[in-house]
Amino acid sequence: MSTESPPDAAQTLDAREIDGEPFGDIMAALGELDPGETFLLVNSFEPEPLYGVLADRGFAHETEQVASDEWHVRIRHER
């Protein structure tokens, strides 16, 4: 996990640095968020399958494509 988070994010995870499936790492990081905190996920593609899981678990998200192969997903703990 990256040690540098943007000012509006409590944590940042660059999934591009993970060898294998990042889902477990993402869920572990989200489990550490307090209500109202934001987590930044950096990925090489838009992680659309993740959005339903996030909604089911009480998280909101905003996605931004910052380069052809870089997506930033800000995930906020709503509950």
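Enquirer: Can you help me understand the nonpolar core in this one?
Expert: With 15 residues, the main nonpolar core has I26, L30, F39, L41, L54 and I75 as its most contacted residues. Of all elements in the fold, only α1 (23-31), β2 (38-43), α2 (48-56) and β4 (70-77) reach the threshold of two or more residues within this core. By residue number, the principal contributor to this core is α1, which donates 4 residues. Those residues in contact with I26 that sit more than four places away from it in its chain are L13, F39, L41 and L50.

Enquirer: What is the right way to read the sheet that holds β4 from this model?
Expert: Pairing between the strands of a sheet is mediated by backbone hydrogen bonds and can be parallel or antiparallel. On the basis of which strands lie adjacent, the open sheet formed by 4 strands has the order β1-β2-β4-β3 and mixed pairing. Single-partner strands in this sheet number two, and they are β1 (11-14) and β3 (59-67). Across the sheet, the mean angle separating the axes of adjacent strands is 20 degrees when strand polarity is ignored. As paired strands, β2 and β4 are joined by 6 bridges and run antiparallel to one another. Each bridged residue has a counterpart across the sheet, and for L40 the counterpart in β4 is R74. Packing of α2 onto the sheet brings it into contact with β2, β3 and β4, and relative to β3 it is tilted by some 155 degrees.

Enquirer: How do you make sense of the pairing of β2 when you look at a structure like this?
Expert: Walk down a regular strand and you will see the side chains alternate between the two sheet faces. Among the 6 residues in β2, 6 count as buried, and that is most of the element. Judged by which residues are buried, β2 turns out to be covered on both faces: T38, L40 and V42 on one side and F39, L41 and N43 on the other are all buried. Handedness of the β-α-β unit built from β1, α1 and β2 comes out right-handed.

Enquirer: Is there a simple way to explain the pattern of salt bridges in this structure?
Expert: When the charged atoms of two side chains with opposite charge come close together, those side chains can pair. In the structure shown here, the tally under the stated rule is 3 salt bridges. Between R16 and D14 there is a salt bridge, and its shortest N-O distance comes to 2.7 Å. A relative accessible area of 39% means that R16 is categorised as partly exposed. On the basis of relative accessibility, which here comes to 11%, the residue D14 falls in the buried class. Ionic pairing is found between R16 and E70, a salt bridge with its closest N-O pair at 3.4 Å. Here R16 is found in the loop between β1 and α1, whereas its partner E70 is found in strand β4, with 54 residues between them in sequence. Via salt bridges that share partners, D14, R16 and E70 belong to a single interconnected network.

Here is what the cut-offs are and how they apply
- Every chain's residues receive numbers from 1 upward, in the order its sequence appears when written.
- Local features in this predicted model are restricted to residues of pLDDT 70 or higher, and side-chain atom pairs are both shown and tallied only at a pLDDT of 80 or more, whereas totals for entire chains, interfaces and linings draw on every residue.
- To obtain the side-chain values, all non-hydrogen atoms of the structure were used and water was disregarded.
- Only buried residues count toward a nonpolar core, which is a set of Ala, Val, Leu, Ile, Met, Phe, Trp, Tyr and Cys residues joined through side-chain atoms within 4.5 Å.
- Think of it in three bands: with a 1.4 Å probe and only protein chains considered, a residue is buried below 20% of the maximum accessible area for its type, exposed above 50%, and partly exposed in between.
- Strands here mean DSSP runs of E at least two residues long; helices mean DSSP runs of H or I at least four residues long; both are numbered from the N terminus.
- Throughout, a residue-residue contact means that at least one pair of heavy atoms, one from each residue, lies within 4.5 Å.
- Paired strands, in this sense, are two strands between which DSSP finds at least two bridges.
- Only the stretch in contact is used when fitting a helix axis, every axis being a line fitted to C-alpha atoms; angles between N-to-C directions are given from 0 to 180 degrees.
- Orient the strands so they point away from the viewer; a crossover is then right-handed if the path from the first strand over the helix to the second runs clockwise.
- Salt bridges, as used here, are contacts in which a Lys or Arg side-chain nitrogen is within 4 Å of a carboxyl oxygen on Asp or Glu.

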